[in-house]
Amino acid sequence: MKKDTVCRLCSACCPVEVTIRNGRLTAARRKSSLPPEQCQPCPKLRAAADITYSPNRLTTPLIRDRNGKHNGFRTAGWEEALDAVATRMQQYRQEHGAQSVAWLRGMAADWGAPWDYASRLMHAFGSPNVIGNGSVCHVAREMAHAFTYGAMTIPQIKDAGCIMVWGKNDQNTCPPAFDAILQARRQGARLIVIDPVRTPLAEMADIWLQIKPGYDGLLAMAMIDTIIDEELFDRDFVRQWCLGFDELRRVAQTFTAENIADKLWLTAADIRNTARLYATTSPACIVDGNGLDMQLPVFDATRAVCMLRALTGNLDRPGGDLIPQPVPTRDMQLKERLPADLPPITCNYSLFSSFHHNWGLHAQSSLIDAILEERPYPIRMLIVQSGNPAVTMTDTNRVRQALQKLECLVAIDLFATSTTQLADIVLPAAGCFEKTQLNRAALRHSLVTLQDQVIDCIGDSWPDWKITFELGRRLGLDKEFPWQTVEGAIDYQLQPAGLTTARLRSSPSGIAWCRVEHEKFVSQGFRTPSGKVEFSSPRLAENGYPAVPFGHGFDSPLSDAGQQAAFPFIGISGERCNRYTHSQFRQVPALRKQEPEGYVDIHPEDAQRLAVIDGTLLQVSTPRGCIRMKARISDRIHPGSILIAWGWGEVDPRWSINNLTDDTLRNPVTATPSNRSFMCKVEKCQQADKGV
Ligand SMILES: Nc1nc2c(c(=O)[nH]1)N[C@H]1C(S)=C(S)[C@@H](COP(=O)(O)OP(=O)(O)OC[C@H]3O[C@@H](n4cnc5c(=O)[nH]c(N)nc54)[C@H](O)[C@@H]3O)O[C@H]1N2
Ligand SMILES: Nc1nc2c(c(=O)[nH]1)N[C@H]1C(S)=C(S)[C@@H](COP(=O)(O)OP(=O)(O)OC[C@H]3O[C@@H](n4cnc5c(=O)[nH]c(N)nc54)[C@H](O)[C@@H]3O)O[C@H]1N2
Ligand code: SF4
Ligand SMILES: [Mo]
């Protein structure tokens, strides 16, 4: 039997067709606009059955018990485990206030309705502290889009004449977008790639700019300057729809291609030619990605990139960058229940916490400040849902110290992880094929697709929605969680759009709730305070931030930049590979066989200087800590930089890149640390330590 659903093994949220035999998932195929032989394969999806039926899945709730048989845990029933969680939550609320309990959502929840349900539960309980990981993921970038023209745009790749890919590697992270790039290339679209790493996409490009890691903001400003200086901008659009052109021009003039090319490891001609190709090929879209995120200047760098779209008149035009038409939904969050005078722990980043109603709180580092330094007040109990902060959060040592300091840690996950190992109570979650949920990605724009349950839950695992609803009811929130099925909750949420679960089920390709329109600004303006594209933002100026990107100058984006002699290499946190999602799936033999370990890529010139060969065990260190990994000689990076494989800390703590990252320097608006690019030292390991 074939069934349609949406895959959530990573956040690409691909529509898929699943084959079921005797109630078991046996295969899954990604639906694509391209013929099967032309579309990008996904090893994770191919291993969907191995992941789903992995013997390592958590199948029953666990409660910490030193004498327990399961790694310091004993098994428990759901009644006991949920009662224990509810009792502890109520105890902390009574003794220290509801705000002393926080909920941390990882990536796997971010695109699903569990987001709304967790917020609903916590807000009704009385705590504002539901924290996501958007300060390192795309939410900081989303805020930059929103502050420039009101919403995060969607590149119209298939219809573009020029595609500029800026720090995104869709081949591995979003195959449907990669299919679209290939299709556009066949139709003759020009391709620009801005990436410090020579990816397969960079090899395909008309222009590849091998930018110095973290310096994207300077490049964008120099491109703005070129486009203005050479009068390549869309005069009519700028005159009618943009605020602060003269201020932008003045600031951009301080970053001319000739002035800054050296700092970027580029030439002025590289920069000017790229700006010319982008500005003179119409329509053009920009695919921006996580290469801009996790950088100290992420907010202004992304704002500058956004301004390129507006300067060239590509906003909301076919083949350019579409302003999305979000699906109207009922607000599930119950924020109004929170006392007005109760600040969230992210209160130092209030613009970031409030720029988008649904995104909520994303200054992730604030959670660690609150636990360790009790700023602005202590967090005592934490519920982690679908995240592995012990590996994925900045400065692992500090994070682990915080998790250990907690009086109570609850983890909701599919697998035992470095985080569940520190927990007091572990709740087993059902995987993406075992549950029905509304994907947030599906609500962002017109086409709504249902992630539908296609097989039974494994063991005694429960879907996240059920865990949240049942916990809510145990906290006395029966009225807030009246639904016995997820369908009831989805129908309630989708009512304003006139959609139901039943209708979505009968339309597996999705339902367009409205017609896609372009140039909506002509009748509606932009969703900014001025109704225009804000090259200069009065709102930011009022809050003490530069109104124009880098209006207060450009500081080094790299942590420990002041100690170049001791830490001379630029470490790059490597791109996501297509077999794994962050710290996940290394325990699945089918995937691990294909890619057994991660490497530190080092340029041949640096390798020669350090007498390093393929397979030499390297120690990479920063003032926070070190990692040990084998070297791989590679000229896909620039001399002076190393590329460190991401996500291996779950296999061995010595492979954990966040041992190196710094959480003291942060973007003042979005709390983003420099997880992606940092200064570090590289040495050969002296001992006969073979690593793992
Ligand atoms: N240095 C450095 N740091 C980074 C990054 C980097 O590239 N470099 N990337 C950053 C980014 S962009 C992100 S998004 C974060 C990711 O950070 P995390 O969200 O912590 O990443 P994962 O390792 O994917 O952890 C997800 C966990 O959820 C579990 N899970 C999967 N599906 C479900 C489900 O349906 N329900 C529940 N309850 N659990 C589920 C998985 O088993 C896994 O343990 O890391 C960030 N940190
Ligand atoms: N297979 C798989 N897919 C995933 C995930 C996964 O873990 N595995 N995670 C999901 C999540 S949560 C996210 S956030 C997305 C992220 O998806 P992407 O945005 O594609 O992120 P990455 O692959 O980490 O990095 C993108 C590119 O940025 C480049 N880059 C690195 N440093 C810089 C820089 O300083 N400047 C520029 N311009 N580029 C730079 C990298 O070399 C890489 O080619 O992927 C999602 N999809
Ligand atoms: S890229 Fe692969 S793993 Fe990620 S959602 Fe799509 S099919 Fe699933
Ligand atoms: Mo992410």
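Note that the structure is predicted; figures quoted are calculated from it, not measured.

Asker: Even after reading the chapter, I still don't get the site of ligand 1, so can you show me in this structure?
Answerer: Of all residues adjacent to ligand 1, which total 31 residues, the nearest are Met107, Asn388, Asp413, Lys435 and Ser583. One of the side-chain nitrogen or oxygen atoms of aspartate 413 is found 2.6 Å away from an oxygen atom of ligand 1. A distance of 2.6 Å separates an oxygen atom of ligand 1 from a polar atom in the side chain of lysine 435. Notes on ligand 1: free accessible area 920 Å², of which the protein chains cover 96%. Every element with two or more residues in the shell around ligand 1 is listed here: α4 (107-110) and β16 (408-413). Taken together, the residues of the shell around ligand 1 sort by class into 12 nonpolar, 15 polar and 4 charged. Per-domain counts for the shell around ligand 1 show at least three residues from each of domain 2 (62-133 + 340-436 + 453-486) and domain 4 (561-684).

Asker: What should I look at first to understand the domain arrangement of the protein chain in this one?
Answerer: Accessible area lost during the coming together of the parts is what is often quoted as the interface size. According to the domain assignment, the protein chain contains domain 1 (2-52), domain 2 (62-133 + 340-436 + 453-486), domain 3 (154-322 + 532-542) and domain 4 (561-684). For domain 1 and domain 2, the distance between their C-alpha centres works out to 29 Å. In this complex, domain 1 contributes 18 residues to the contact, which on the side of domain 2 involves 12 residues. Both faces considered, domain 1 and domain 2 share a buried interface measuring about 1,100 Å² in area, 70% of it formed by carbon and sulfur atoms. Where domain 1 packs against domain 2, one counts 0 salt bridges. Along the contact surface separating domain 1 from domain 2 lie 2 residue pairs in polar contact (both at pLDDT 80 or more). Here the residues of the side of domain 1 that touches domain 2 sort into 10 nonpolar, 4 polar and 4 charged.

Asker: Any chance you could explain the pairing of strand β23 (residues 569-573) here in plain terms?
Answerer: Remember that side chains alternate between the two faces of the sheet whenever the strand is regular. Along β23, 5 of the 5 residues are buried, which leaves the element largely enclosed by surrounding structure. Residues Phe569, Gly571 and Ser573 line one face of β23 and the alternating positions Ile570 and Ile572 line the opposite face, and both faces are buried. Sheet topology note: the β23/strand β27 (residues 641-644) ladder contains 4 bridges and is parallel. Bridged to serine 573 within β27 is isoleucine 644.

Asker: Where do I start with the packing of aromatic side chains in this structure?
Answerer: For any two aromatic rings, the description comes down to two numbers: the centre-to-centre distance and the angle of the planes. On inspection of all chains with the given rule, the structure shows 20 aromatic pairs. Taking the centre distance of 5.9 Å and the plane angle of 75 degrees together, the rings of phenylalanine 147 and phenylalanine 299 count as edge-to-face. Remark: phenylalanine 299 occurs in helix α15 (residues 298-311) and phenylalanine 147 occurs in helix α6 (residues 139-149); sequence separation between them is 152 residues. On the basis of relative accessible area, phenylalanine 299 is assigned to the buried category, the value being 2%.

Procedures and definitions
Residues numbered from 1 in each chain as written. Chains lettered and ligands numbered in written order. Predicted model: local features only at pLDDT ≥ 70, side-chain atom pairs only at ≥ 80, totals over all residues. Heavy atoms only, no water. Near = heavy atom within 4 Å. Polar contact = N/O pair within 3.5 Å; in protein donor to acceptor, adjacent residues only side chain to side chain. Areas by Shrake-Rupley, 256 points an atom, 1.4 Å probe, with all protein chains shown as cover. Helix = DSSP H or I, 4+ residues; strand = E, 2+ residues; numbered from the N terminus. Nonpolar A, V, L, I, M, F, W, Y, C, P; charged D, E, K, R; others polar. Domains from an automatic or database assignment. Contact = heavy atoms within 4.5 Å. Buried area = accessible area lost by both parts, 1.4 Å probe. Salt bridge = Lys/Arg side-chain N within 4 Å of Asp/Glu carboxyl O. Buried < 20%, exposed > 50% of the residue type's maximum accessible area, 1.4 Å probe, protein only. Pairing = 2+ DSSP bridges. Phe/Tyr/Trp six-rings, centres within 6.5 Å; stacked < 30°, edge-to-face > 60°.

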